[in-house]
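Okay, here's what each chain looks like letter by letter:
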Amino acid sequence: MLKIKTFLRMDLKRYNRQMILPDFGITAQEKLAESSVLVVGAGGLGCPVLQILVSSGVGAIGIVDFDIVETDNLHRQFLYDEQDVGTPKVIAAVEHLNKMNTDTEIAAFQEMLTSDNVFSIIHNFDVIVDCTDNFTTRYLLNDACALLKKPLVYASIFRHEGQISVFNVEKDNKVTNYRDLFPVPPNQNEVPDCNEAGVLSAHSAVIGTFQANEVIKLLIGSKDVLIHKLLSFNTRNYQSMIVNFNPCKEKSEPETIEQFKNFNYEEFCNIRKENDILSTADLQTFLNQKSSILIDVRETDELPRLNLFQALEIPLASLGQNLKTLENYENLCFICASGKRSRKALELTKSYFPEKEIKHFPAGAKSILS
Amino acid sequence: MTLKIFGKLTDIFKNVQYDLDTEKINTVSDLKKLLYEKFPALKELTFLIVMNGVKAEDEQSISGDAEIALLPPYSGG
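All values derive from a computational prediction rather than experimental measurement. (Residues numbered from 1 in each chain as written. Chains lettered and ligands numbered in written order. Predicted model: local features only at pLDDT ≥ 70, side-chain atom pairs only at ≥ 80, totals over all residues. Heavy atoms only, no water.)

*Asks:* A description of the state of the cysteines should follow, citing residues and the corresponding values.
*Replies:* All names here are of chain A. Within the structure shown, the criterion is met by zero disulfides over all chains. There is no disulfide at Cys-145, and the cysteine sulfur nearest it, in Cys-131, is 12 Å away. Here Cys-333 stays unpaired: no disulfide links it, and the sulfur of Cys-336, its closest cysteine neighbor, is 10 Å away. (Disulfide = S-S within 2.5 Å.)

Take a look at the structure:
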């Protein structure tokens, strides 16, 4: 699928400044040129990771993302410009990255990572990079990489803090992954993403840069990689901490591909509130019931709009004043971008209408239109 | 003992650090129990206890001069 350009045909002058480093040289450059890396998520972390890996001369890059570029991405996702708003991220990314370095072959996967497609996507790549923004995809990707023994470079952020680690690489006769840190995911509403918590552009760029640095060190065989170590870094006060960790006895990840395929990651990541959740398969059945309504609690300028569905548009901030609008419906389902605001809407509405059947759809607006 | 607090847990502790009287604490489990008494909201939350730079297990003993941090998972990408 991906054809890596022969190292001898590359113009090495462009890589001179990294090649003259005593611990890098032509050998490391050749290793980068012969490597393939898959970046999952082309957002705040994915953009700097992609830009650095392509500029550095990694031979082949894959990008997985089902999202489109939105105006509120531009302050931190420097790979995109104003002309890209409304364009799928993978399309815009490939266009910009191709201009950046023709030595790198780039493949795009404009899809959501699922149990069905994950193995066919990741198996072609040497290293996988987790730049995702939700726990469902994070656990799914972690477990798939653990099963295929694919090195996984992880990072995530919260406000001014970031975490970085490298999984599935054997060292000291041990192999560790994300579940050795956090065997089970947090509650649905416990940890806000950047859409809710906010993020400074420099912060995601710093943490994404650290993440790209780990990928490069891993590819060239550096000893100082964050294996069995989690780096926590705060860009506001510059406090940093390294957490050493070992295989966790309490974790229970799928041990075979069959177990993995039967594992419901959506349910696993919302396990304590599963009665309130509608899956993609159940949404239409729920809405076909008499007196049912879908309520979109995103802001009215958030894309994509749900034009194909009969949905009420009530942004979460104004839901409290608009509860009367819902009085005549018996079955309510809330929807937003990532399941967080829809969960809040559900909890608010339940206290007013305890007799109604109220659900939410955590997979979000994009999943039913993709 | 001064605990270092990370992520959204700082909303509960209202600070990035918290001073704790260590008299009743012998193990990581004791520390958790005491924290749950003082901050019941913590019971619902997921976080690691880090002791002297290593992820700690419940049965491990804690000395008075141990450096402790509470670290939750992050979601943003």
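Don't stop here, the text continues.
*Asks:* Tell me about helix α12 (residues 280-288) of chain A, residues and numbers included.
*Replies:* All names here are of chain A. Residues of α12 that are buried: Leu-283, Phe-286 and Leu-287. Along the axis of α12, the buried residues cluster in a sector spanning 90 degrees; they form a single face. Exposed positions of α12 whose direction lies more than 90 degrees from the buried face are Ala-281, Thr-285 and Asn-288. Against the buried residues of α12 lie β9 (292-296), β11 (331-335), β12 (357-360) and α15 (365-369). (Buried < 20%, exposed > 50% of the residue type's maximum accessible area, 1.4 Å probe, protein only. Helix = DSSP H or I, 4+ residues; strand = E, 2+ residues; numbered from the N terminus. Arc of directions from axis to C-beta. Contact = heavy atoms within 4.5 Å.)

*Asks:* Quick one: what's the story with the packing of helix α2 (residues 25-33) of chain A against helix α9 (residues 201-220) of chain A, residue by residue and with numbers?
*Replies:* Residues and elements named next belong to chain A. Two elements in contact, α2 and α9, have axes whose closest approach is 9 Å; the angle formed by their N-to-C orientations is 105 degrees. Between α2 and α9, the angle falls in the class roughly perpendicular. Judged by residue contacts, Ala-28, Lys-31 and Leu-32 of α2 engage Ile-216, Leu-219 and Ile-220 from α9. (Axes fitted to C-alpha atoms, helices over the stretch in contact; angles between N-to-C directions. Parallel < 35°, antiparallel > 145°, perpendicular 65-115°, else oblique.)

*Asks:* Requested: an account of the interface of chain B and chain A, with residues and values cited.
*Replies:* Every contact between the two is made by 24 residues of chain B and, on the other side, 42 residues of chain A. Across the chain B/chain A interface, buried area totals approximately 2,600 Å², and carbon plus sulfur atoms make up 55% of it. The largest contributions to the chain B side of the interface with chain A come from B:Tyr74, B:Ser75 and B:Gly77, which together make up 28% of the buried area. Among the ionic pairs, B:Asp11 bridges to A:Arg159, the shortest N-O distance being 3.0 Å. Taken together, the links from chain B to chain A amount to 13 residue pairs in polar contact (both at pLDDT 80 or more). Elements represented by at least two residues in the side of chain B that touches chain A include exactly α1 (9-13), β3 (48-51), β4 (54-55) and β5 (68-71) of chain B. (Buried area = accessible area lost by both parts, 1.4 Å probe. Salt bridge = Lys/Arg side-chain N within 4 Å of Asp/Glu carboxyl O. Polar contact = N/O pair within 3.5 Å; in protein donor to acceptor, adjacent residues only side chain to side chain.)

*Asks:* Break down the pattern of salt bridges for me, citing the residues and quoting the values.
*Replies:* Residues and elements named next belong to chain A. Applying the stated rule across the entire model yields 20 salt bridges over all chains. We note a salt bridge from Asp-130 to Arg-138, for which the minimum N-O separation is 2.9 Å. In this structure, Asp-130 and Arg-138 share a single accessibility class: buried. Here the salt bridges do not stand alone but share partners, grouping Asp-276, Arg-343, Glu-347 and Lys-350 into one network.

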